[in-house]
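Working through the structure, step by step
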Amino acid sequence: RLIFAIDKFQVFGMISLEIIPAATSVFVVLLFLAYSFAAIGMLLFGGVISRDPNNLHYQSLMEADDFVDNEYWANNFNDMISGMNVLFNMLVVNNWTNQASGLEYATGTKLPVRLFFLSFHLLGVTGIGNVITSFIINAFFQQINTVKQRQGPDEKVEGGTVISGSRAIFNSSMITG
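This write-up is about the structure you can find in this document. Everything quoted here is computed from the prediction, not taken from an experiment.

**Side note on the overall build of the protein chain**
Of regular secondary structure, the protein chain possesses seven helices and three strands. Reading the helices (α) and strands (β) of the protein chain from amino to carboxyl end gives α-α-α-α-α-α-α-β-β-β. Taken across its 177 residues, the protein chain has 31% of its residues classed as buried. A sequence separation of at least 24 residues applies to 62% of the contacts in the protein chain between residues at least 6 apart. Accessible surface, the protein chain as shown: approximately 11600 Å² in total, 62% of it carbon and sulfur.

**Some remarks on helix H5 (residues 80-91)**
Between its terminal C-alpha atoms H5 stretches 16 Å, which fits the 16 Å expected from twelve residues at 1.5 Å a residue. Residues Ser 82, Gly 83, Val 86, Leu 87, Asn 89 and Met 90 constitute the buried set of H5. Buried residues in H5, looked at end-on, bunch into an arc of 155°, giving them a common side. Among the exposed residues of H5, those pointing more than 90 degrees away from its buried face are Ile 81 and Phe 88. Capping the start of H5 is the job of one residue whose side-chain oxygen sits 3.4 Å from the backbone nitrogen of Ile 81: Asp 79. Looking one or two places after H5, you find Val 93, whose phi comes out positive at around 50°.

**Looking at unusual backbone geometry**
Look at Glu 71: it is not a glycine, yet its phi comes out positive at around 55°. Even without being a glycine, Asn 95 presents a positive backbone phi close to 50°. Along the polypeptide, Asn 95 turns up in the loop between H5 and helix H6 (96-107).

**Quick look at the packing of aromatic side chains**
Applying the stated criterion across every chain, the model contains ten aromatic pairs. An aromatic cluster is defined as three or more aromatic residues linked by ring pairs; in this entry it consists of Phe 37, Phe 45, Phe 77, Trp 96, Phe 116, Phe 117 and Phe 120.

**Some words on the nonpolar core**
Among the nonpolar cores identified, the biggest contains 30 residues, and Phe 77, Leu 87 and Phe 117 are the most heavily contacted of them. For this core, the element with the most residues is helix H2 (residues 7-45), which contributes seven residues. Excluding residues within four positions of it along the chain, Phe 117 makes contact with Phe 77, Val 86, Met 90, Trp 96, Ala 100 and Leu 103. Grouped together as the second largest cluster of nonpolar side chains are six residues, Ile 15, Ala 139, Phe 140 and Val 147 included.

**Description of the side chain of Glu 104**
By the secondary structure assignment, Glu 104 is in helix H6. Classification of Glu 104 as buried rests on a relative accessible area of 12%. Sequence-distant contacts of Glu 104, defined by excluding residues within four places in its chain, comprise Thr 109, Lys 110, Val 113 and Arg 114.

**Let's talk about H6**
If you check H6, its first and last C-alpha atoms are 16 Å apart, about what twelve residues at 1.5 Å a residue would give, namely 16 Å. Buried residues dominate H6, accounting for nine of its twelve residues. Those residues of H6 lying buried are Trp 96, Asn 98, Gln 99, Ala 100, Ser 101, Gly 102, Leu 103, Glu 104 and Ala 106. Two residues or fewer past H6, Gly 108 is found with a positive phi of approximately 80°.

**Some words on the environment of Ile 132**
Relative to the helices and strands, Ile 132 resides in helix H7 (residues 111-151). Through-space distance from the C-alpha of Ile 132 to that of Phe 27 is 7.6 Å; in sequence the pair is 105 residues apart. Contact partners of Ile 132, with chain neighbours within four places excluded, come to Val 26, Phe 27 and Leu 30.

Rules and cut-offs
- One numbering rule holds for all chains: residues counted from 1, following each sequence as written.
- For this predicted model, a pLDDT threshold of at least 70 governs which residues receive local features, and a threshold of 80 or more governs which side-chain atom pairs are given and counted, while totals over whole chains, interfaces and linings are taken from all residues.
- Only heavy atoms go into the side-chain values, all of them from the structure, while hydrogens and water stay out.
- Put simply, DSSP marks the helices as runs of H or I at least four residues long and the strands as runs of E at least two long, and each gets a number from the N terminus on.
- Here's how the labels work: a residue is buried when its accessible area is under 20% of the maximum for its type, exposed when over 50%, partly exposed in between, all with a 1.4 Å probe on protein chains only.
- The contact criterion used throughout is that any non-hydrogen atoms of two residues lie within 4.5 Å.
- Accessible surface area values rest on a Shrake-Rupley calculation with a 1.4 Å probe, where residue burial reflects the displayed protein chains alone.
- Residue count minus one, scaled by 1.5 Å, sets the expected span of a helix.
- Relevant arc is that of directions from the helix axis to the C-beta atoms, nothing else.
- Pairing of N or O atoms within 3.5 Å defines a polar contact, subject to two protein rules: one partner must be a possible hydrogen donor and the other a possible acceptor, and residues neighboring in sequence count only if both atoms are side-chain atoms.
- In summary, the pairing rule links any two rings of Phe, Tyr or Trp, Trp by its six-membered ring, whose centres are within 6.5 Å, and it sorts them by plane angle into stacked for under 30 degrees, edge-to-face for over 60 and tilted for everything else.
- Residues belong to one nonpolar core when they are buried, are Ala, Val, Leu, Ile, Met, Phe, Trp, Tyr or Cys, and are joined through side-chain atoms within 4.5 Å.

Take a look at the structure:
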């Protein structure tokens, strides 16, 4: 509501709502990629991170200082929701290195963990993230041009009045009466 109440933001709000249907296909590709990586993460790393002291990996995980200090226990691949949470943290580049180091300590191997995180970073963050950003910027500028065409060209009429679309700007000092 606030966006549509301020004149300058009306065009921005209208354009944002108009590009949502076109952007859904790109977001579906991102969701598919995240779902696929979360499923692979569950196969590779499921059950590795746990607060259970009887877990085989618990003692080695306690050596991951950043992971334990930041209490990233919920960021694991034990289930699909937690795996999607880890991948979302990677998309927004939110301390994913701490999560990766926690998995490295817990599994005792660096190569599979680093390959997993690097491949998602390259495909998801760098690849699809850039596609989403460029798509939104391109769609936004296309919609700005469409809105300008709908409004029509500016007309200048006598007395310094400018008519732009459905609005007229004029000098009120010329009004008598």
